[in-house]
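Observations on chain architecture
The chain contents come next:
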Amino acid sequence: VDLSTVIGTGPGGRITKEDVLAAASAPAPSGSSVETGLPLAVADYGIPRKAIPHSRFGRIAAKRLSESKQTIPHWYINFSVDVFQLLELREHLQPALEAKGAKKLTVTDMLIKAVALTLEKHPLVNATYTETDIQVFDKINVALAVDTPYGLAVPVIPDTNERSLAEISSQLAAISERAKEMKLTTEDISGATFTISNLGMFGV
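In this text the structure is predicted, and so the values were computed from the model without any measurement. (Residues numbered from 1 in each chain as written. Predicted model: local features only at pLDDT ≥ 70, side-chain atom pairs only at ≥ 80, totals over all residues. Heavy atoms only, no water.)

Approximately 620 Å³ is the volume found for the largest pocket. Lining the largest pocket we find 22 residues, and of these Leu 144, Val 146, Ser 176, Lys 180 and Met 201 sit closest to its centre. Only α5 (107–121), β5 (146–148) and α6 (165–180) provide two or more residues apiece to the lining of the largest pocket. The greatest single-element share of the lining of the largest pocket, amounting to six residues, is contributed by α6. Looking at the lining of the largest pocket residue by residue, the classes come out as nine nonpolar, seven polar and six charged. Volume-wise, the second largest pocket comes out at about 530 Å³. If you trace the second largest pocket, you find 18 residues lining it, with Val 83, Leu 86, Val 107, Leu 111 and Asn 198 closest to the centre. Among the elements of the structure, α4 (84–99) and α5 are those that each provide at least two residues to the lining of the second largest pocket. The biggest single contributor to the lining of the second largest pocket is α5, with seven residues. Of the residues in the lining of the second largest pocket, the class split is 14 nonpolar, three polar and one charged. (1 Å grid on protein atoms, 1.4 Å probe; cavity = no way out; pocket = protein on both sides within 12 Å on 5 of 7 lines; lining within 4 Å. Points joined across faces, edges and corners; volume = space filled by probe spheres on them. Helix = DSSP H or I, 4+ residues; strand = E, 2+ residues; numbered from the N terminus. Nonpolar A, V, L, I, M, F, W, Y, C, P; charged D, E, K, R; others polar.)

A word on the pattern of salt bridges. Between side chains of opposite charge, a pair can form as their charged atoms come close. Within the structure shown, the criterion is met by four salt bridges. Ionic pairing is found between Arg 90 and Glu 91, a salt bridge with its closest N-O pair at 3.9 Å. (Salt bridge = Lys/Arg side-chain N within 4 Å of Asp/Glu carboxyl O.)

Below, the discussion takes up the nonpolar core. The nonpolar side chains of a soluble globular protein tend to be buried with one another. Residues Ile 112, Val 142, Leu 144, Ile 157, Leu 172, Leu 184 and Ile 196 are the most contacted members of the largest nonpolar core, which totals 17 residues. Those elements that provide at least two residues to this core are α5, β4 (142–144) and α6. For Leu 144, the contacting residues outside a window of four places in its chain are Thr 108, Ile 112, Ala 153, Val 154, Pro 155, Leu 172, Ile 196, Ser 197 and Asn 198. Of all hydrophobic cores here, the second largest spans six residues; its members include Leu 97, Leu 105, Leu 165 and Ala 166. (Core = buried A, V, L, I, M, F, W, Y, C linked by side-chain atoms within 4.5 Å. Buried < 20%, exposed > 50% of the residue type's maximum accessible area, 1.4 Å probe, protein only. Contact = heavy atoms within 4.5 Å.)

What follows concerns the pairing of strand β3 (residues 133–137). In terms of burial, β3 is a largely internal element, four of the five residues being buried. Note that strand β1 (residues 49–53) and β3 share five bridges and pair antiparallel. Opposite Pro 53, over in β3, you have Asp 133 as the bridge partner. The loop that links strand β2 (residues 127–129) with its antiparallel partner β3 comprises three residues. (Pairing = 2+ DSSP bridges.)

Positive phi, close to 50 degrees, is recorded for Asp 159, a residue that is not glycine. For Asp 159, the location among the structural elements is in the loop between β7 (156–157) and α6. Judged by relative accessible area, which is 22%, Asp 159 ranks as partly exposed.

On to the sheet that holds β4. Ordered in space as β7-β4-β8, the three strands form an open sheet in which the pairing is mixed. Of all strands in the sheet, those with a lone pairing partner are β7 and β8 (194–196), marking the two edges. Note: β4 against β7, two bridges, orientation antiparallel. Bridge pairing in β7 links Val 142 to Ile 157. Across the sheet, α5 is in contact with β4, β7 and β8; its angle to β4 comes to roughly 150 degrees. (Axes fitted to C-alpha atoms, helices over the stretch in contact; angles between N-to-C directions.)

Below, the structure is given as structure tokens:
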């Protein structure tokens, strides 16, 4: 097993025996995904996808954009969004979710659901870029960056678009707790197709 392709789940991201065994037994992805530069989490776990070959224009445009990101200073536009109705909806849904055994519904839970539904409508965003094509994933697996005492962890909610808010809330609470206790399994952090990070606690 090439250790550079293994995601460590031990303290501080250390690679454990279980990580190596999991990588060794993981099903090989179809095609030559590693050679075409897929992200490791995608290449290792073989998420089904369809390939859309680049046009000559698309390949050149991607190369120029990548070069500009690396060599030219950037500036960014931002705007504020009124989420009053979102918060009202959360308060409205909370009693029903609690009746199903879910914990308190958070804005992050709703954000994850919104992202998953958006990826359904815009599948080209749920994709990865290689030198030869754009590979659009058949599954929508949203990951959330979670801060832990040992550094950043990125647990995944598989088939996010097919899960209810109650399921997302319960699963996110469970994997976030495991992340903080450094008890995440290889399955918990494998197969993400899209990652988000909520920095609302910092006023972002």
